Amino acid sequence: MMDQHRKMPIIGVIGGSGVYSLDGLHGAEWGEVHTPFGAPSDALLVGELGGVRMVFLPRHGRGHVQTPSTVNYRANIWAMKALGVTDILAVSAVGSLKEDLPPGTFVLVDQFIDRTFAREKSFFGPGLVGHVPLAHPICSRLGDAIAAAAQEIGQPIRRGGTYMVMEGPQFSTKAESELYRAWGCSVIGMTNMPEAKLAREAEICYASIAMVTDFDGWHPDHDAVTVDQVVRVAGANAAKVRQLLQATVPHLAAPRPPCRDGCDTALEHAIMTAPAQRDPAMLEALKPLLARVIA
Ligand SMILES: CSC[C@H]1O[C@H](OP(=O)(O)O)[C@H](O)[C@@H]1O
Ligand SMILES: Nc1ncnc2[nH]cnc12
């Protein structure tokens, strides 16, 4: 018998550098979504894959027009939520901070260090304060699905690793690169935070497929990263990413149980502001997020 707590998934895909579209969606149409936080990076592509509703958004916009700092992360995640997305598969180009993660390697990261400083990072604010848990920012169920799909299609993927999120847009100095290596980080990029934080606030499960494009600036035997290299390696691997995404969807196609990691109930004990002190305008603006926890 169908468990009444299960609901059909809607899978969101956020494409990073080199991934500006998603092929193979049936009935696919680009549509604009307006949010209280302004415009998302682009219109969103909505369609169906094997009976599963899919929503695709190019993180930097088609033609790569948004910098990592100007991407409107709040609008992007809000738009996904507004379209009913339950699970986000994010794709990102990253630099490697480890010898054994050469360009071309796919990594299913499971941790982040957020060193960004010039971005809006929360839907909450004065008049409505909330704190969601983030010890485990990646949904393990989505990670399992991606890992199983990778095995099926013969795409090697490294499970686990810490993604250092820098502000950019300039790449790191050698000293910074060495520092992040000393911290034990695996890869470096500029975008997965605050994306993962906001997905958690929106109670959307989130996983990130990191595609290594370069050795950043630390490796004695490799030139320091350039855009040229990132574009070349990301381009060469884009078809594999698409294949991996397409192979992952069937693993998520069944009605979904409540998330075992609690991603989809993250707001349950998150609100700090006393009911009498809550800003009515904030409550109204955040209604689509809070409806489940605030009557
Ligand atoms: C073009 S190199 C730097 C650029 O690529 C990565 O973007 P994304 O994570 O969206 O693939 C990196 O974070 C920078 O934004
Ligand atoms: N070395 C690097 N640093 C930051 N972002 C990246 N994206 C791809 N390579 C990168």
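Remember, it's a predicted structure, so these values are computed and weren't measured experimentally. (Residues numbered from 1 in each chain as written. Chains lettered and ligands numbered in written order. Predicted model: local features only at pLDDT ≥ 70, side-chain atom pairs only at ≥ 80, totals over all residues. Heavy atoms only, no water.)

Looking now at the UniProt feature "site: Important for substrate specificity" (unreviewed entry) in the protein chain. In this structure's numbering, the residues bearing the UniProt feature "site: Important for substrate specificity" (unreviewed entry) are Ser-172 and Val-227. In sequence the annotated residues extend across 56 residues, while in space they remain close, none of their C-alpha pairs exceeding 12.9 Å. Positionally, Ser-172 belongs in the loop between strand 9 (162-165) and helix 3 (174-182). With relative accessibility at 14%, the residue Ser-172 sits in the buried group. Examined against the element boundaries, Val-227 turns out to sit in helix 5 (residues 227-248). (UniProt positions renumbered as here; feature names shortened; annotations may be inferred. Helix = DSSP H or I, 4+ residues; strand = E, 2+ residues; numbered from the N terminus. Buried < 20%, exposed > 50% of the residue type's maximum accessible area, 1.4 Å probe, protein only.)

Our next topic: the packing of helix 1 (residues 73-82) against helix 4 (residues 192-201). Running from amino to carboxyl end, helix 1 crosses helix 4 at an angle of 40°, the nearest separation of the two axes being 9 Å. When the axis of helix 1 is compared with that of helix 4, the two are oblique. The chirality of how helix 1 crosses helix 4 is right-handed. Two secondary-structure elements touch here, helix 1 through Tyr-73, Arg-74 and Ile-77 and helix 4 through Pro-194, Glu-195, Leu-198 and Ala-199. Split by residue class, the contact of helix 1 with helix 4 holds five nonpolar, no polar and two charged. (Axes fitted to C-alpha atoms, helices over the stretch in contact; angles between N-to-C directions. Parallel < 35°, antiparallel > 145°, perpendicular 65-115°, else oblique. Left-handed = near helix turned anticlockwise from the far one by under 90°. Contact = heavy atoms within 4.5 Å. Nonpolar A, V, L, I, M, F, W, Y, C, P; charged D, E, K, R; others polar.)

Centre distance and the angle of the planes are the two values used to describe a pair of aromatic rings. Here the structure, examined in full by the defined rule, presents seven aromatic pairs. Considering the side-chain rings of Phe-37 and Trp-78, the 5.4 Å spacing of their centres and the 65° angle between planes classify their relative orientation as edge-to-face. Taken together, the positions of Phe-37 in the loop between strand 2 (26-31) and strand 3 (44-49) and Trp-78 in helix 1 put the pair 41 residues apart, joining distant regions of the chain. The same class applies to Phe-37 as to Trp-78, namely buried. Ring geometry for Phe-112 against Tyr-163: centres 5.5 Å apart, planes inclined by 65°, an arrangement best described as edge-to-face. (Phe/Tyr/Trp six-rings, centres within 6.5 Å; stacked < 30°, edge-to-face > 60°.)

The next thing to look at is the site of ligand 2. Taken together, 13 residues sit near ligand 2, with Ala-93, Val-94, Gly-95, Asp-214 and Asp-216 positioned nearest. Between ligand 2 and Asp-214 there is a distance of 2.6 Å, counted from a nitrogen atom to a side-chain nitrogen or oxygen. Side-chain polar atom of Asp-216 to a nitrogen atom of ligand 2: 2.7 Å apart, as the coordinates give it. Contact with the protein chains hides 95% of the accessible area of ligand 2, taken as 260 Å² for the molecule alone. Only strand 5 (87-96), strand 10 (187-189) and strand 11 (205-214) provide two or more residues apiece to the shell around ligand 2. It is strand 5 that contributes the most residues to the shell around ligand 2, three residues altogether. (Near = heavy atom within 4 Å. Polar contact = N/O pair within 3.5 Å; in protein donor to acceptor, adjacent residues only side chain to side chain. Areas by Shrake-Rupley, 256 points an atom, 1.4 Å probe, with all protein chains shown as cover.)

Next up on the list: the site of ligand 1. Contacts to ligand 1 come from Gly-16, Ser-17, Arg-59, His-60, Pro-68, Ser-92, Ala-93, Phe-171, Gly-189, Met-190, Thr-191 and Val-230. For ligand 1, an oxygen atom lies 2.8 Å from a polar atom in the backbone of Ser-17. In the environment of ligand 1, an oxygen atom lies 2.8 Å from a nitrogen or oxygen atom belonging to the backbone of Ala-93. A breakdown of the residues in the shell around ligand 1 according to their chemical character gives five nonpolar, six polar and one charged.

Turning to the confidence of the model for the protein chain, a few remarks are in order. On average, residues of the protein chain carry a pLDDT of 96, and 98% of them reach 70 or more. We note a pTM of 0.97 for the whole complex and an ipTM of 0.99 for its interfaces. (pLDDT = per-residue confidence, 0-100.)

Before going further, it helps to spend a moment on the UniProt feature "binding site: substrate" (unreviewed entry) in the protein chain. Per the UniProt record, the feature "binding site: substrate" (unreviewed entry) sits at Met-190, Asp-214, Phe-215 and Asp-216. Once residues lying within four places of it in the same chain are set aside, the contact partners of Asp-214 are Val-94, Gly-95, Ser-96, Pro-103, Val-225, Gln-229 and Val-230. Only 2.7 Å separates the side chain of Asp-214 from the side chain of Thr-213, close enough to count as a polar contact. When you line up the elements, Asp-216 lands in the loop between strand 11 and helix 5. Not counting residues up to four positions away in its chain, the partners in contact with Asp-216 are Ser-96, Leu-97, Ser-172, Ser-177, Ile-188, Asp-223, Ala-224 and Val-225.

Structurally, Arg-278 can be placed in the loop between helix 5 and helix 6 (280-285). The side chain of Arg-278 sits in the buried core without any salt bridge; Asp-279 is the nearest counter-charge, 11 Å away. Once you skip the residues sitting within four places of it in the chain, Arg-278 turns out to touch Gly-127, Leu-128, Ile-271, Thr-273, Leu-283 and Ile-294. (Lys, Arg positive; Asp, Glu negative; His and termini not counted. Salt bridge = Lys/Arg side-chain N within 4 Å of Asp/Glu carboxyl O.)

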